[in-house]
Amino acid sequence: MSTPTKAPSGTLDRVFHLSERHTDVKTEIIAGVTTFMTMAYILAVNPNILSEAGMDRGAVFTATCLASILATILMAVFSNYPFVLSAGMGLNAYFAYTVVLNMGYTWQMALAAVFVEGVIFILLSLTKVREAIFNAIPMPLKHAVSAGIGLFIAFIGLQNCKLVVANPSTKVSVYNWHNNAATFNTEGITVLLAVIGVLITAVLVVKKVKGNILWGILATWILGILCELVGLYVPNPDMGFFSVLPSFANGIGVPSVLPTLGQLDFSAIIDGRWLDFLVVIFAFLFVDMFDTLGTLIGVASKADMLDKDGKLPKIRGALLADAVGTSAGALLGTSTITTFVESASGVSEGGRTGLTGLVSAALFGVALFLSPIFLAIPSFATAPALIVVGFLMVSAVLKIDLNNPFEGIPAFICIMAMPFMYSISEGIAMGTISYVVINLFGGKERRKTISIVMYILAILFVVKYIVI
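These notes cover the structure that comes with them. Predicted model, so just to flag it, every value in this text is computed and none were measured.

## What about the overall build of the protein chain?
- Regarding its fold elements, the protein chain presents 21 helices and 4 strands.
- For a compact globule of 468 residues, the expected C-alpha radius of gyration is about 23 Å, and the protein chain comes in at 22 Å, within 12% of that figure.
- Principal-axis analysis of the C-alpha atoms places the extent of the protein chain at approximately 70 × 60 × 60 Å.
- For the protein chain, buried positions account for 54% of its 468 residues.

## Considerations on the pairing of strand β3 (residues 171-174)
- Where strand β2 (residues 164-167) and β3 come together, 4 bridges link them in antiparallel fashion. Each bridged residue has a counterpart across the sheet, and for V165 the counterpart in β3 is S173.
- Following β2, the chain reverses through 3 residues before pairing antiparallel with β3.

## A closer look at helix α12 (residues 274-302)
- Compared with the 42 Å implied by 1.5 Å per residue over 29 residues, the 42 Å span of α12 between its first and last C-alpha is a close match.
- α12 sits mainly inside the fold: 21 of its 29 residues count as buried.
- Where α12 ends, the next residue or the one after it, D304, has phi of about 55°, a positive value.

## Some remarks on the packing of helix α19 (residues 424-440) against helix α21 (residues 452-467)
- Where α19 contacts α21, the axes come no closer than 9 Å and their chain directions differ by 120°. As judged from the angle between their axes, α19 and α21 are oblique. Relative to α21, α19 is oriented so that their crossing is left-handed. Here α19 contributes E426, I428, A429, M430, T432, I433, Y435, V436 and L440 to the contact with α21, which in turn contributes M454, Y455, L457, A458, F461, V462, K464 and Y465.
- In terms of residue class, the contact of α19 with α21 is built from 14 nonpolar, 1 polar and 2 charged.

## Some points on helix α18 (residues 405-420)
- Look at α18: 21 Å from first C-alpha to last across 16 residues, which is about the 22 Å you get at 1.5 Å a residue.
- Check the buried side of α18 and you find it contacts α8 (139-160) and α19.
- If you check the start of α18, you find a side-chain oxygen 3.1 Å away from the backbone N of F406, and it comes from N404.

## Structural notes on the pattern of salt bridges
- Throughout the structure, instances matching the rule amount to 4 salt bridges.
- The shortest N-O distance in the salt bridge between R316 and E131 comes to 3.6 Å. One end of the pair, R316, is in helix α13 (residues 315-332); the other, E131, is in helix α7 (residues 129-136), and 185 residues separate them in sequence.
- In this structure, the salt-bridge partner of E426 is K464, at a minimum N-O distance of 3.2 Å. In this pair, E426 sits in helix α19 while K464 sits in helix α21, placing the two residues 38 residues apart along the sequence.

## Section: the packing of aromatic side chains
- Overall, the coordinates contain 7 aromatic pairs when judged by the stated rule.
- Summarising the aromatic geometry, the rings of F36 and F364 are spaced 5.0 Å apart at their centres and angled 90° between planes, so their arrangement reads as edge-to-face. With F36 in helix α2 (residues 25-39) and F364 in helix α15 (residues 354-369), this pair connects stretches of sequence that are 328 residues apart. Each member of the pair, F36 together with F364, is buried.
- Judged by centre distance (6.1 Å) and plane angle (75°), the ring pair of F155 and Y422 falls under edge-to-face. On the criterion of sequence distance, the pair formed by F155 in helix α8 and Y422 in the loop between α18 and α19 is long-range, its members being 267 residues apart.
- Of the residues examined, F155 reaches a relative accessible area of 18% and is grouped as buried.
- Residue class for Y422 comes out partly exposed when judged on its relative accessible area of 42%.
- Grouping aromatic residues by their ring pairs yields a cluster made of F152, F155 and Y422.

## Points about the side chain of N80
- Among the structural elements, N80 can be located in the loop between α4 (57-79) and β1 (85-87).
- You can call N80 buried: its relative accessible area is 5%.
- In contact with N80, other than residues within four places in its own chain, are F16, H17, R21, M75, R352, T353 and G354.

Each value, and the rule that gives it
- Residues numbered from 1 in each chain as written.
- Predicted model: local features only at pLDDT ≥ 70, side-chain atom pairs only at ≥ 80, totals over all residues.
- Heavy atoms only, no water.
- Helix = DSSP H or I, 4+ residues; strand = E, 2+ residues; numbered from the N terminus.
- Rg over C-alpha atoms; globule rule 2.2 N^0.38 Å.
- Buried < 20%, exposed > 50% of the residue type's maximum accessible area, 1.4 Å probe, protein only.
- Pairing = 2+ DSSP bridges.
- Expected span 1.5 Å × (residues − 1).
- Axes fitted to C-alpha atoms, helices over the stretch in contact; angles between N-to-C directions.
- Parallel < 35°, antiparallel > 145°, perpendicular 65-115°, else oblique.
- Left-handed = near helix turned anticlockwise from the far one by under 90°.
- Contact = heavy atoms within 4.5 Å.
- Nonpolar A, V, L, I, M, F, W, Y, C, P; charged D, E, K, R; others polar.
- Polar contact = N/O pair within 3.5 Å; in protein donor to acceptor, adjacent residues only side chain to side chain.
- Salt bridge = Lys/Arg side-chain N within 4 Å of Asp/Glu carboxyl O.
- Phe/Tyr/Trp six-rings, centres within 6.5 Å; stacked < 30°, edge-to-face > 60°.

Function cannot be inferred from these measures alone, as they are strictly geometric.
Laid out in structure tokens, this is it:
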């Protein structure tokens, strides 16, 4: 990442402290566009998932855009950090498939649970509870979270482009072009394009081209468009492969949010299912809290935003923006809003201030009116960005003293758990429990490294595994 050669000046510099954070307007714009491009998939994925719960796709699309805009603006205003928020993956699947389809709640009841979770988060943020948890996590674990997230998002990228696929014998394996020759023009070519995209992006990184990750996304997408135009790529919606060409067949307009707006149902509290309802709220609460904390730790660590004590200045504002965004999102009609790990792509481009987030928020606003364009960005085009960003983040492991088993083993467990258990929060849980247990038996000096908050967290994590 190159340092701006000319210090920025003017109103934007005074508002966002660009000079102080060694960035400029151009860098922040590129970072904002890059972050949006790597997470634009949520605008297609979230409506599809929540529609399985009976929700209106168009309304969910609009609700997702509006909630993302609001929460990201609040993040910029409250903290001046380059973090972008939207409907969290995993949490939306839990909402639709577990809470609604499996447990039998209506989607209106599920939205009510998300709303209550957000309110609880607001109270926890205002009372410094979440801030205390963030500050209590030892630096080795914070670096481990950053490295673990790197592997996690790289794994997501590999899955999104189907380079890594399910295998009944080994759980996962590499895509086999030979065995899938019959579907090469539909599936195989997109996997190949993703591989080419990784190489293009890597070369751009090596050459230190400004905006390398963004250019990598666009280059891969353009290659996909060319392949479709010449017939090398043949879309097949039944297989989940759609046209990469923007379609304006239905015109341009903003889908109505009215079908989901304010549709909260609290009847579960008074009809005898209040205990189950509390379990649902706790599940949302737990995953959202530690996914958010993990993302903030990992991305902030990568951007060198943590102070000498490993604390993140203005973290209360960042957490509050996340909490308010969750409750507002539920009112609009979408699942839990959380800080996106894809924010790391913008940070890797040099984004350091809230201006990055405002650019992304503006693009969410544009997406409301030009949804055909943004929904046409295929996952195989954004996958290379996630893979390369994963490489950039995993370098945090170099800051961990692996020769010290009291720090190295918990850090390794934390790093390992995130991609293998497919969860940032599980990585934090495993890392915390192992850190407390290992250092508890390490003698008086090692026990001093364990704070009261870490003891409490370890106990709560153990209870969580027993109860849920």
